[in-house]
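Residues per chain, in single letters:
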Amino acid sequence: MSDSPRLPGLDGATPLEELRAFAEACTACALYEHATQTVFGEGPPDASLMLMGEQPGDQEDRQGHPFVGPAGGVLDRALDQAAIDRGSVYLTNAVKHFKWEPRGKVRLHKKPNVSEMAACRQWWEAELEAVRPKVLGCLGATAAQAVFGADFRVTKQRGQWFELPSGVAAIATIHPSAVLRAEDELRDEFFDGLVRDLALMATRLD
Ligand code: URA
């Protein structure tokens, strides 16, 4: 499934806690240099739903947990409306370090590039192999393109089911940050789309 090199000692049977410990010391790309810490995935090791975002944001980088900042707030509301318990979901990101540039006092989010995404691929692939969820939900373009390829367009293909070679059912939806960034008149529509796709994922979990 991957053409990126694996770190020595990593294979499909590596347990999550070992993966997390390996990832804490990851220097496979330069992003670790300016990030506070690796933000690894979290959730039940046997979760049937895995959701994957882009990368930790400012708050996630400081606190060390995925989706605990403003985008996490949107995700929590959307999960709630889709009747999915956040505690039952394994939440992770395509890239495990926060990429940012200074803008005055603010650390401004920067999109990870192709080589940073490739360097991090081994981590989410190993998480996927360890957790073996029924459904992988990609939140936004970065996660979707990491999983489905660079040509994937969330605007056109969100809400469609795909089967990964491992048999996992995968689907992409709108990133919670896109809801936050949306113009006022589009925000509800984006949020409702996210809820609808999450509810669709829930239908495959029973
Ligand atoms: N955005 C993401 O993609 N992931 C997070 O963990 C937080 C914000």
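Residues numbered from 1 in each chain as written. Predicted model: local features only at pLDDT ≥ 70, side-chain atom pairs only at ≥ 80, totals over all residues. Heavy atoms only, no water.

A.B. asks: Break down the environment of Asp46 for me, citing the residues and quoting the values.
C.D. replies: By the element assignment, Asp46 lies in the loop between helix H1 (16-24) and strand E1 (49-53). With 44 residues separating them in the primary sequence, Asp46 and Tyr90 have C-alpha atoms 8.3 Å apart. (Helix = DSSP H or I, 4+ residues; strand = E, 2+ residues; numbered from the N terminus.)

A.B. asks: Quick one: what's the story with the side chain of Thr173, residue by residue and with numbers?
C.D. replies: Among the structural elements, Thr173 can be located in strand E7 (residues 169-173). Here Thr173 falls in the buried class, since its relative accessible area comes to 0%. At 2.6 Å, the side chain of Thr173 and the side chain of Asp197 are in polar contact. Each residue touching Thr173, except ones within four places of it in the same chain, is listed here: Cys138, Leu139, Gly140, Val154, Arg158, Gly193, Leu194, Asp197 and Met201. (Buried < 20%, exposed > 50% of the residue type's maximum accessible area, 1.4 Å probe, protein only. Polar contact = N/O pair within 3.5 Å; in protein donor to acceptor, adjacent residues only side chain to side chain. Contact = heavy atoms within 4.5 Å.)

A.B. asks: For the packing of H1 against helix H4 (residues 114-131), give the residues involved together with the corresponding values.
C.D. replies: In the contact formed by H1 and H4, the axes pass within 10 Å of each other and the chain directions differ by 170°. Comparing their axes, H4 and H1 come out roughly antiparallel. As H1 packs across H4, the resulting crossing turns out to be left-handed. Contact with H1, carried on its side by Leu16, Leu19, Phe22 and Ala23, involves Trp123, Ala126, Glu127, Ala130 and Val131 of H4 and no other residues of that element. (Axes fitted to C-alpha atoms, helices over the stretch in contact; angles between N-to-C directions. Parallel < 35°, antiparallel > 145°, perpendicular 65-115°, else oblique. Left-handed = near helix turned anticlockwise from the far one by under 90°.)

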